[in-house]
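So the chains spell out like this:
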Amino acid sequence: MAIIHHTWVKPTKLELLTDWLPTRPWYRGGPAAPVLTKSGGFRLDDPEGEVGIEIMVVTDTSTPEPTAYLVPLTYRSAPLEGAEHALVGAMEHGVLGKRWAYDGCHDPVLAAELLSLIEGRARAQAQSIDDTPDHEVIRSYTGCPFTLDGFTPEPADDREGTRLPTPGGTILQVHRVLHPVPEHPPLRPEGALGHVARGWQDPRGNPLAAVFATLRTA
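About the cut-offs
Residues numbered from 1 in each chain as written. Predicted model: local features only at pLDDT ≥ 70, side-chain atom pairs only at ≥ 80, totals over all residues. Heavy atoms only, no water. Helix = DSSP H or I, 4+ residues; strand = E, 2+ residues; numbered from the N terminus. Contact = heavy atoms within 4.5 Å. Core = buried A, V, L, I, M, F, W, Y, C linked by side-chain atoms within 4.5 Å. Buried < 20%, exposed > 50% of the residue type's maximum accessible area, 1.4 Å probe, protein only. Salt bridge = Lys/Arg side-chain N within 4 Å of Asp/Glu carboxyl O. Phe/Tyr/Trp six-rings, centres within 6.5 Å; stacked < 30°, edge-to-face > 60°.

Overview of the environment of Phe212
Then step 1. Checked against the element boundaries, Phe212 lands in strand E12 (residues 207-217).
Then step 2. Residues Phe212 and Val174, 38 residues apart in the sequence, show an inter-C-alpha distance of 6.3 Å.
Then step 3. Phe212 has contacts with Phe42, Ile55, Val57, Leu70, Gln173, Val174, His175, Leu178, Val196, Ala197, Arg198 and Trp200, leaving out every residue within four places of it along the chain.

Structure follows, in structure tokens:
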């Protein structure tokens, strides 16, 4: 069970993301720096209790139409070897000390737990409350059980998001730019083997919902 520490973090997560997001191929903003707000999300538990896992939604209001991004993050007490390309930044935590924040799609702990969530073996947790399931997270899966022992993600980022090859010859598409749908909860896309979906709020407090990730055959 992850423990949520309500304390200060310097720089803040949004400050780190303000510099990092424009470097991503799926970023939709212009030349001006993004203006970000935290709009929602959920957490997953690391079975070993070492890595913080957060699936965050942030909204950029620097453009005429606000854009919501899905930013899976992991927080570690030491650098992740071989993941320098996925480092979002380092921060000082008021309780835990120095923490390294990574793009979670490139972190094997988050990748494995996200697949476990889709399969139904892991439970989504509330973003800001200890030991509280997040019942708004929707997941589905119709395939065979995943074999995750020794699984090492080899994701690829492009303009559409992040493609993550998974055990069993499937592809997990993480939708970095969120497109709201009228259905609530969002339905599994046609032809998909599985999906993860949830709602969030726009800057005016209006409820929105979208598919966060889709699992398909390769």
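With respect to the nonpolar core
Then step 1. Of all hydrophobic cores here, the largest spans 34 residues; its most connected members are Phe42, Leu117, Leu172, Leu178, Val196 and Phe212.
Then step 2. Put simply, the parts of the chain that give this core at least two residues each are strand E2 (36-44), strand E3 (52-60), strand E4 (67-76), helix H2 (108-119), strand E10 (170-174), strand E11 (194-201) and E12.
Then step 3. At eight residues, H2 tops the list of elements feeding residues into this core.
Then step 4. Within the second largest apolar cluster, 18 residues are counted, among which are Leu17, Trp20, Met56 and Ala101.

Brief notes about the pattern of salt bridges
Then step 1. Considering all chains together, one arrives at eight salt bridges under this definition.
Then step 2. Among the ionic pairs, Glu54 bridges to Lys38, the shortest N-O distance being 3.2 Å. Placement of the pair is Glu54 in strand E3 and Lys38 in strand E2, with a sequence separation of 16 residues.
Then step 3. When its relative accessible area of 40% is taken as the criterion, Lys38 is described as partly exposed.
Then step 4. The salt bridge involving Asp134 is made with Arg198; its shortest N-O contact spans 2.8 Å.

A closer look at the packing of aromatic side chains
What describes a pair of aromatic rings is the distance from one ring centre to the other and the angle between the planes of the rings.
Then step 1. Tallied over the entire structure, the rule returns six aromatic pairs.
Then step 2. With a centroid separation of 5.9 Å and 45° between ring planes, the pair formed by Trp26 and Tyr69 is classed as tilted. One end of the pair, Trp26, is in the loop between helix H1 (13-20) and E2; the other, Tyr69, is in strand E4, with 43 residues separating them in the sequence.
Then step 3. For Trp26, a relative accessible area of 0% translates into the label buried.
Then step 4. Residues Trp200 and Phe212 carry aromatic rings whose centres are separated by 6.4 Å and whose planes lie at 50° to one another, so their mutual orientation is tilted. Placement of the pair is Trp200 in strand E11 and Phe212 in strand E12, with a sequence separation of 12 residues.
Then step 5. A residue is classified by how much of its surface remains accessible, and Trp200, at 5% relative accessible area, is buried.
Then step 6. Since its relative accessible area comes to 1%, Phe212 is described here as buried.

Here's the deal with the side chain of Thr170
Then step 1. Take Thr170: it is sitting in strand E10.
Then step 2. With residues up to four places along the chain from it excluded, the contact list for Thr170 reads Phe146, Leu164, Pro165, Leu193, Leu215, Arg216, Thr217 and Ala218.

Keep in mind that these numbers describe shape and distance, not what the molecule does.
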